[in-house]
Amino acid sequence: MIVKPPKFVQRILKSFIWRHNEDNNNIWLTFDDGPDSKVTPFILQILKNQQIKATFFLVGEQINKYPEILDMILNDGHIIANHSYSHKNGWFTNSKSYVNDVEKCQVFMPENNLFRPPYGKITPIQTRTLEKKYKIVLWDVLSYDFSEKIKPEKIKENIMKNTTKGSIIVLHNNHKSYNNLKLILHQTIKELKQKGFNFSTTW
Ligand SMILES: [Zn+2]
């Protein structure tokens, strides 16, 4: 299980934002794959209770299904960003349709040009094309919240042990992660705050 991408990988793949160079105690909480009618309102409620903001990497298809949930995210003052229109795996998609799929989602995101490749899988050609227009954002801490095989407590531990100032943490806004998030999201945020971290949405 790789929670933290090795430093040498981060250095080689410089086109991507893995984390922020940070002097302050800021960290970036991100949620992928929404909006969803059940999971997103649950996450929003916790963020509201904890009075923090996050970045939601949204899928265009899901936005078309749940436009009212997109409005909820925006009304709460969170940042939305591009996670493609139909969540294609870049390794198995030709570059032209991959880039088109990203562009198709961007119409929902007039405020910024952040893009996170689905599964973190994107080819060098796709990267070269997209990096002209987009900031390609990966992560520094992958919590495995989408896994039904590991204990929820372990997911929290992955986050607590690997988060440092500047970290970008990825969580998921989907049904696979829902049961885990119900058990650990509130407590994890509380403990991150206790460690002195602030939650930033400035990219
Ligand atoms: Zn995704």
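Structural notes, computed from the coordinates. Note that the coordinates shown come from a computational prediction; the quantities given were computed from them, not determined experimentally.

Moving on, we get to the overall build of the chain. Scanning the chain from terminus to terminus reveals eight helices and nine strands. Relative to the 2.2 N^0.38 estimate, which gives 17 Å for 203 residues, the radius of gyration of the chain is 16 Å and therefore close to what a compact globule would have. Overall, the C-alpha framework of the chain stretches about 45 × 40 × 35 Å when taken along its three principal axes. Residues classed as buried in the chain amount to 55% of the 203 residues present. For the chain, long-range pairs separated by at least 24 residues make up 75% of all intrachain contacts whose partners lie at least 6 apart in sequence. Carbon together with sulfur atoms contributes 52% to the accessible area of the chain, which is approximately 10000 Å² in total. Of the charged side chains in the chain, 29 are positive and 19 negative, and the gap between their average positions amounts to 5 Å.

Take unusual backbone geometry next. A cis amide bond, omega -5°, links Gly-34 with the succeeding residue Pro-35. Relative to the assigned elements, Pro-35 resides in the loop between strand E2 (26–32) and helix H2 (39–50). The residue Gln-51 is not glycine, and still its phi comes out positive at about 55°. By secondary structure assignment, the location of Gln-51 is in the loop between H2 and strand E3 (55–58). Even without a glycine there, the phi angle at Tyr-119 is positive, about 60°. Mapped onto the elements, Tyr-119 comes out in the loop between strand E5 (114–115) and helix H6 (124–130).

Positionally, Thr-127 belongs in helix H6. Overall, Thr-127 belongs to the buried group, its relative accessible area being 7%. Residues in contact with Thr-127, not counting those within four places in the same chain, are Ser-15, Phe-16, Ile-122 and Ile-136.

Take the packing of helix H7 (residues 152–162) against helix H8 (residues 175–194) next. For the pair H7 and H8, the least separation of the axes is 9 Å and the interaxial angle reads 30°. Between H7 and H8, the crossing angle belongs to the class labelled roughly parallel. Once H7 is placed against H8, the crossing between them reads as right-handed. Across from Pro-152, Glu-153, Ile-155, Lys-156, Ile-159 and Met-160 in H7, the residues of H8 making contact are Asn-180, Leu-183, Ile-184, Gln-187, Thr-188, Glu-191 and Leu-192.

What counts and how
- In this numbering scheme, every chain counts its residues from 1 along its sequence in written order.
- With the structure being a predicted model, the display of local features is reserved for residues of pLDDT at least 70 and the display and counting of side-chain atom pairs for 80 or more, all residues being used for whole-chain, interface and lining totals.
- Heavy atoms from the whole structure form the basis of all side-chain values; hydrogens and water molecules are not counted.
- A run of H or I in DSSP becomes a helix once it reaches four residues, and a run of E becomes a strand once it reaches two; helices and strands are each numbered from the N terminus.
- A radius of gyration in this sense is built from C-alpha atoms; the matching globule rule multiplies 2.2 Å by the number of residues raised to 0.38.
- Here the term buried applies to any residue with accessible area under 20% of the maximum for its type, exposed to any over 50%, and partly exposed to those in between, with areas from a 1.4 Å probe on protein chains only.
- What makes two residues a contact is simply this: any of their non-hydrogen atoms within 4.5 Å.
- Computed with a 1.4 Å probe, the accessible areas rest on the Shrake-Rupley method; for each residue, only the protein chains presented here act as cover.
- Positive residues here are Lys and Arg, negative ones are Asp and Glu, while His and the chain termini are left out of the count.
- The location of each charge is read from NZ of Lys, CZ of Arg, CG of Asp or CD of Glu.
- The axes are straight lines fitted to the C-alpha atoms, using for helices just the contacting stretch, and the angles between their N-to-C directions are given from 0 to 180°.
- With respect to orientation, any angle under 35 degrees is reported as roughly parallel, any angle over 145 as roughly antiparallel, any angle of 65 to 115 as roughly perpendicular, and every other angle as oblique.
- For any helix crossing, the convention is left-handed if the near helix is rotated counterclockwise from the far helix by under a right angle, and right-handed if that rotation is clockwise.

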